[in-house]
Amino acid sequence: MDTKVNKGHEDKGDGHLLQLLYEMEAAAEEILSDKQQIIDLDRKRQKTREAIRVLSKDKKSGKHWVCAGNMFLKLPADNTKTILNHDFNQLDLEIGEMRRNLKPKVNKLRDLEMKDDAKGFNLTPLSRSDMKLIDDYCD
């Protein structure tokens, strides 16, 4: 049995398939990277929340040591709380932005995989005003 192999000449279907697989792999890698970044930011946010909680319990100390980069600073408690609250809010915004950007990336990957969009994936929570309207209606 004699078979000939044309080296260096890909079938157009094979080239398209390889390109599709490459795009799927790149999209999946980007999604995994974003998810890991969300996890890392959330850990940072939780540590910041813990620090704010400890500072709010400690009424004795007027100043606290704070690590900023690779140096330690002794700052007044009020300034420290303000800085930590600002960092907490900034991390919260970054996490929210990453989550919002993740949804289209997942939909793009599902499109490349030729699957339907994930059901219920684009849901958003009710706002406080919406919840108030529902509570008022139920009463």
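Sequence order as written defines residue numbering, which begins from 1 separately in each chain. Thresholds applied to this predicted model are a pLDDT of at least 70 for local features of residues and 80 or more for the giving and counting of side-chain atom pairs; totals over whole chains, interfaces and linings are not thresholded and use all residues. The side-chain figures draw on all heavy atoms in the structure; neither hydrogens nor water molecules are used.

Novice: Give a description of the overall build of the chain that names residues and reports values.
Specialist: Secondary structure counts use DSSP, requiring at least four H or I residues in a row for a helix and at least two E residues in a row for a strand, with both numbered from the N terminus. Of regular secondary structure, the chain possesses three helices and two strands. If you list the helices and strands of the chain from N to C, you get α-β-β-α-α. Exposed residues in this analysis have more than 50% of their type's maximum accessible area, buried residues have under 20%, and partly exposed residues fall in between, with area computed by a 1.4 Å probe over protein chains only. Out of the 139 residues belonging to the chain, those deemed buried represent 17%. By the convention used here, residues are in contact when the closest approach between their heavy atoms is within 4.5 Å. Here the analysis covers contacts within the chain between residues at least 6 apart in sequence; of these, 55% occur between residues at least 24 apart. Only the protein chains shown count as cover for residues, and the accessible areas themselves come from Shrake-Rupley with a 1.4 Å probe. Split by element, the accessible area of the chain, about 11,800 Å² in all, is 55% carbon and sulfur.

Novice: Help me get a handle on the pairing of strand β1 (residues 63-68), residues and values and all.
Specialist: By the bridge criterion, six bridges tie β1 to strand β2 (residues 71-76) in an arrangement that is antiparallel. In the sheet register, V66 faces β2, and the bridge partner there is L73. Two strands are counted as paired when DSSP detects at least two bridges linking them. Joining the antiparallel neighbours β1 and β2 is a turn of two residues, in which G69 adopts a positive phi near 70°.

Novice: Residue-level account of the nonpolar core, with values.
Specialist: Among buried residues, the Ala, Val, Leu, Ile, Met, Phe, Trp, Tyr and Cys ones that are joined through side-chain atoms within 4.5 Å form a nonpolar core. Residues L20, A27, I31, I38, L41, L91, I95, M98, L102, V106, L109 and L112 constitute the largest nonpolar core, which totals twelve residues. Within the residue set of this core, elements represented by two or more residues are α1 (12-57) and α2 (77-112). Of all the elements, α2 adds the most residues to this core, at seven residues. Once residues lying within four places of it in the same chain are set aside, the contact partners of A27 are L109 and L112.

Novice: Can you break down the pattern of salt bridges residue by residue, with the values?
Specialist: Throughout this description, the term salt bridge denotes a Lys or Arg side-chain nitrogen within 4 Å of a carboxyl oxygen of Asp or Glu. If you walk through the whole model with that rule in mind, you get eight salt bridges. Between D40 and R43 there is a salt bridge, and its shortest N-O distance comes to 3.9 Å. A residue pair is termed a helical-turn pair when its members lie 3 or 4 positions apart in one helix, as D40 and R43 do in helix α1 at three residues. Here E113 makes a salt bridge to K115, at a shortest N to O gap of 3.8 Å. E113 gets classed as partly exposed once you look at its relative accessible area, which sits at 31%. The network of salt bridges with shared partners includes E30, D34 and K105.

Novice: I'd like a description of the confidence of the model for the chain, backed by residues and values.
Specialist: The share of residues in the chain with pLDDT of 70 or more is 88%, and the mean pLDDT across the chain is 86. The pLDDT score gives, residue by residue, the confidence of the prediction method on a 0 to 100 scale. In this model, residues 1-10 is a region of pLDDT below 50 whose contacts with residues beyond four sequence positions or in other chains number two contacts.

Novice: Outline the environment of K59, listing residues and values.
Specialist: On the secondary structure map, K59 appears in the loop between α1 and β1. Judged by its relative accessible area of 67%, K59 is exposed. Taking the C-alpha atoms as reference, K59 lies 9.0 Å from A77; in sequence the two are 18 residues apart.

Novice: Please give an account of α2 that cites residues and values.
Specialist: Given a helix with a known number of residues, its expected span is that number minus one, times 1.5 Å. When the terminal C-alpha atoms of α2 are compared, their 52 Å separation across 36 residues agrees well with the 52 Å that a helix rising 1.5 Å per residue should span. For α2, the complete set of buried residues consists of A77, T80, L84, L91, I95, M98, L102, V106, N107, L109 and L112. A positive phi of about 60° marks M114, the residue just after α2.

Novice: I'd like a rundown of a nonpolar patch on the surface, residues and numbers included.
Specialist: Every patch collects residues that have over 30% relative accessible area and no salt bridge, joining them within 9 Å if they carry like charges and within 5 Å if they are nonpolar side chains (Val, Leu, Ile, Met, Phe, Trp, Tyr). Taken together, the side chains of L17, L18 and L21 define a hydrophobic patch exposed on the protein surface, amounting to about 270 Å² of accessible area. Within the fold, L17 resides in helix α1. The partly exposed category is assigned to L17, whose relative accessible area is 44%.

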